[in-house]
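Listed here are the chains, written in short residue letters.
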Amino acid sequence: MYDHILIRYGEISLKGKNQRRFIKKMIKDLKFKVKREYGERVETDYEKGRIFIRLNGEKPEKYYPILENMFGIVSFSPVIKTGTDFEEITETVLKEMQELPEDIRTFKVTSKRSDKSYPMQSPQISRTLGGRILDAFPNLAVDLHHPDQDIFVEVRGDYSYVYTRNIKGPGGMPVNSAGKGLLLLSGGIDSPVAGYLAARKGIDVSAIHFYSYPYTSERAKEKVLTLAQKLSDYKGNFVIHLVPFTEIQEEIAKNCESSYWITIMRRFMFRISERIAAEQECIALITGESVGQVASQTLSSMATINQVISIPVLRPLVTMDKDEIVSIAHRIGTFETSIEPYDDCCTAFLPKEPKTNPQIFIAEDNEEYLDVEGLIDRAVEKTEIVRITKEQSEELF
Ligand code: ATP
Ligand code: MG
C-alpha cells in the first residue's frame, strides 16, 4: 500500500538562493490545487531535493492529474515508506511484487543510498534483493536492460522507500515564478502552445487579442476566451486584453499597398502590445511565430515587424515544425478549439500576394499615409479587459 507520493523537481534545484522560495511556491500551488479540486487539505513534507505528499489512506491516483500538469515537477512516484533494516525493505518489496500485474516476466532492482554509513552499498542491495525476489517468485527472471518491471529502493537517513513507477510531470519552473509576459493570443493553433510553453517556464502570462468585428464574429472572440481558459488550467487566473482592430485594418486597406498589409498590421499589433505590456508591467511579449510558416514569418518579415518596438519578443515555437506544435496542442487540450473554423482578424484582410521579404523603409513609407499614433490611442482606449478564471470569464471593465 502506497503511503506517500514522492515528487521530484528539476530546474528549481539549480536556482541557488531562490530555491527555497520556489519550493515554497510549489507546495503552496499544490495545496491550492488539491483544495480547489477536492475541497481538502493535503499534507506535505519537504526534504532536501524532494517533496512528499502524505496519502493518509487516500489512493495516489487521485493526485495524478494535478501532478501531471504542475509546472516544476519533473516526475513523481507513489512510494511505500519503510525502515532501513534490510529485512524490512525486503519484506516491503516482496509485498509490493504481489500487487503487480501477473504478466510480468522480468524485473530489475535499482538501489540508491544517500546514507553512506549504511552497511550495504547500492549494488549489493540490488543484487541481494534481486536474489530474494527470485527465491520468492521462481517464474521471474532478471533483465538489466529491458525489464518488464523496475523496482526502485532508496535508502535515506532514517527510512527508505520502495517504488515501481516513475510518472512524468511537465517539467519547467513553478507557475508565475519568472516575471510577467504578454502573450499575443490569436484563435490559431500556435499561440496557445507558445503561451503554455512560456507559462511552463514560470512566466506570468497575461494575454492580448486583436479582433475585427464585424469582419470577425462574436464566436471568434468566444473561441479565444475558451483557449485562454484552457491556459488558465495550467497557470491560474490571468487577464486578456481585447483590442478592437477594425479601424486600423480598414485604414491600412484603404491607404497602403496590399502586399504590405500584413506587415503593417503586425507592426500595429506589436506597437499596441508594447504599450499594453508597459501598462501591465510585462517585460516581454510572447508570440506563436515559427520561422517560415507563413509569409509574415520569414526572418525578414520578423525583422521588419520587430523594428517598431524595443521590448523583447519571446517566440517559444520559432524553430519548431508544425507537427511538433500540433502534438503539444493535442497534449495540452487546445487543438480541438483552435481548429474551429472562425476567422481571425488577419484572414479578413488577406492580400493576394503578401510580401515575403518586406523592407523596413517601404513599410515606413506606407505608414506615412496613416495617423499611426491616433489609431493606436483609439484602439488602446477601447480595449476591454476580461479576467480569465478556471471556472468562468467575467468582464472587468
Ligand atoms: P497562430 O496559430 O498562433 O494564430 P499563425 O500561424 O496563424 O499563428 P500568424 O497569423 O502569422 O500565424 O500570427 C503569428 C503570431 O501573431 C500568432 O502566433 C500570435 O502570437 C500573433 N497573432 C496573430 N493574430 C493575432 C490576433 N488576432 N490577436 C493577437 N495575436 C495575434
Ligand atoms: Mg493565426
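Residues numbered from 1 in each chain as written. Chains lettered and ligands numbered in written order. Predicted model: local features only at pLDDT ≥ 70, side-chain atom pairs only at ≥ 80, totals over all residues. Heavy atoms only, no water.

**Some details on the overall build of the protein**
And then number 1: Looking only at helices and strands, the protein features 14 helices and 16 strands.
And then number 2: Burial statistics for the protein: of 397 residues in total, 53% are counted as buried.
And then number 3: A separation threshold of at least 6 residues defines the contact pool for the protein, and within that pool the share at least 24 residues apart is 80%.
And then number 4: Accessible area of the protein: about 19000 Å², with a carbon and sulfur share of 50%.
And then number 5: The positive charge centre, built from 52 side chains, and the negative charge centre, built from 59, are 6 Å apart in the protein. (Helix = DSSP H or I, 4+ residues; strand = E, 2+ residues; numbered from the N terminus. Buried < 20%, exposed > 50% of the residue type's maximum accessible area, 1.4 Å probe, protein only. Contact = heavy atoms within 4.5 Å. Areas by Shrake-Rupley, 256 points an atom, 1.4 Å probe, with all protein chains shown as cover. Lys, Arg positive; Asp, Glu negative; His and termini not counted. Charge placed at Lys NZ, Arg CZ, Asp CG, Glu CD.)

**Points about the site of ligand 1**
And then number 1: Around ligand 1, 21 residues are found, and the nearest of them are Leu184, Ser186, Asp190, Ser191 and Arg266.
And then number 2: At 3.4 Å, a side-chain N or O of His209 approaches a nitrogen atom of ligand 1.
And then number 3: Here an oxygen atom of ligand 1 sits 2.7 Å away from a polar atom, N or O, in the side chain of Arg266.
And then number 4: Looking at the shell around ligand 1, the elements with two or more residues in it are helix 5 (190-200), strand 11 (204-211) and helix 8 (261-279).
And then number 5: The element that contributes the greatest number of residues to the shell around ligand 1 is strand 11, accounting for three residues.
And then number 6: Here the residues of the shell around ligand 1 are counted per class, giving eight nonpolar, nine polar and four charged. (Near = heavy atom within 4 Å. Polar contact = N/O pair within 3.5 Å; in protein donor to acceptor, adjacent residues only side chain to side chain. Nonpolar A, V, L, I, M, F, W, Y, C, P; charged D, E, K, R; others polar.)

**Focus: unusual backbone geometry**
And then number 1: Following Tyr213, the chain continues to Pro214 via a peptide bond in cis, the omega torsion being 5°.
And then number 2: With respect to the helices and strands, the residue Pro214 is situated in the loop between strand 11 and helix 6 (218-235).
And then number 3: Even without a glycine there, the phi angle at Asn56 is positive, about 45°.
And then number 4: Along the polypeptide, Asn56 turns up in the loop between strand 3 (50-54) and helix 2 (64-68).
And then number 5: In this model, Glu281 sits at a positive phi of 60°, which is unusual for a non-glycine residue.
And then number 6: Tracing the backbone through its elements, the reader meets Glu281 in the loop between helix 8 and strand 13 (285-286).
And then number 7: Assessed through its relative accessible area of 62%, Glu281 is described here as exposed.

**Let's talk about a nonpolar patch on the surface**
And then number 1: Together, Leu134, Val142 and Leu144 give the surface a local cluster of nonpolar side chains, amounting to about 240 Å² of exposed area.
And then number 2: By the secondary structure assignment, Leu144 is in the loop between strand 6 (141-142) and strand 7 (149-155).
And then number 3: The class for Leu144 is exposed, based on a relative accessible area of 52%. (Patch = residues over 30% accessible without salt bridge, like charges linked within 9 Å, V, L, I, M, F, W, Y side chains within 5 Å. Salt bridge = Lys/Arg side-chain N within 4 Å of Asp/Glu carboxyl O.)

**Quick look at the pairing of strand 8 (residues 160-163)**
Working note: regular strand, side chains alternate between the two faces of the sheet.
And then number 1: A two-sided burial pattern is seen for strand 8, the buried positions comprising Ser160 and Val162 on one face and Tyr161 and Tyr163 on the other.
And then number 2: Relative to strand 8, strand 4 (residues 73-82) is paired through three bridges, and the arrangement is antiparallel. Within strand 8, the position partnered with Ile80 by the bridge is Val162.
And then number 3: Of the strand pairs in this sheet, strand 7 and strand 8 are connected by four bridges, and their pairing is antiparallel. Within strand 8, the residue paired with Val155 across the bridge is Ser160.
And then number 4: Linking strand 7 to strand 8, which pair antiparallel, is a turn of four residues. (Pairing = 2+ DSSP bridges.)

**Describing helix 9 (residues 299-306)**
And then number 1: Listed as buried for helix 9 are Ser301, Met302, Thr304 and Ile305. For helix 9, the angular spread of buried residues about the axis comes to 165°, placing them on one side. (Arc of directions from axis to C-beta.)

**Description of the packing of helix 8 against helix 9**
And then number 1: With their axes 8 Å apart at the nearest point, helix 8 and helix 9 run at an angle of 50° to one another. By the angle between their axes, helix 8 is oblique relative to helix 9. Handedness of the helix 8/helix 9 crossing: right-handed. Each of Thr263, Arg266, Arg267 and Phe270 in helix 8 lies in contact with helix 9, whose residues at this interface are Thr304, Ile305 and Asn306.
And then number 2: Partitioned by chemical class, the residues of the contact of helix 8 with helix 9 number two nonpolar, three polar and two charged. (Axes fitted to C-alpha atoms, helices over the stretch in contact; angles between N-to-C directions. Parallel < 35°, antiparallel > 145°, perpendicular 65-115°, else oblique. Left-handed = near helix turned anticlockwise from the far one by under 90°.)

**Side note on the environment of Ile325**
And then number 1: Tracing the backbone through its elements, the reader meets Ile325 in helix 10 (residues 322-332).
And then number 2: Considered as a pair, Ile325 and Ile388 are 63 residues apart in the sequence and their alpha carbons are 24 Å apart.

**Regarding the pattern of salt bridges**
And then number 1: The tally for this structure, following the rule as stated, stands at 20 salt bridges.
And then number 2: The salt bridge partner of Glu87 is Arg132, with a shortest N-O separation of 2.8 Å. Of this pair, Glu87 sits in helix 3 (residues 86-99) while Arg132 is found in helix 4 (residues 122-136), placing the two residues 45 residues apart along the sequence.
And then number 3: On the basis of relative accessibility, which here comes to 41%, the residue Glu87 falls in the partly exposed class.
And then number 4: In this structure Arg132 comes out as partly exposed when scored by relative accessible area, which is 29%.
And then number 5: Through salt bridges that share partners, Glu40, Glu58 and Lys62 make up one connected network.

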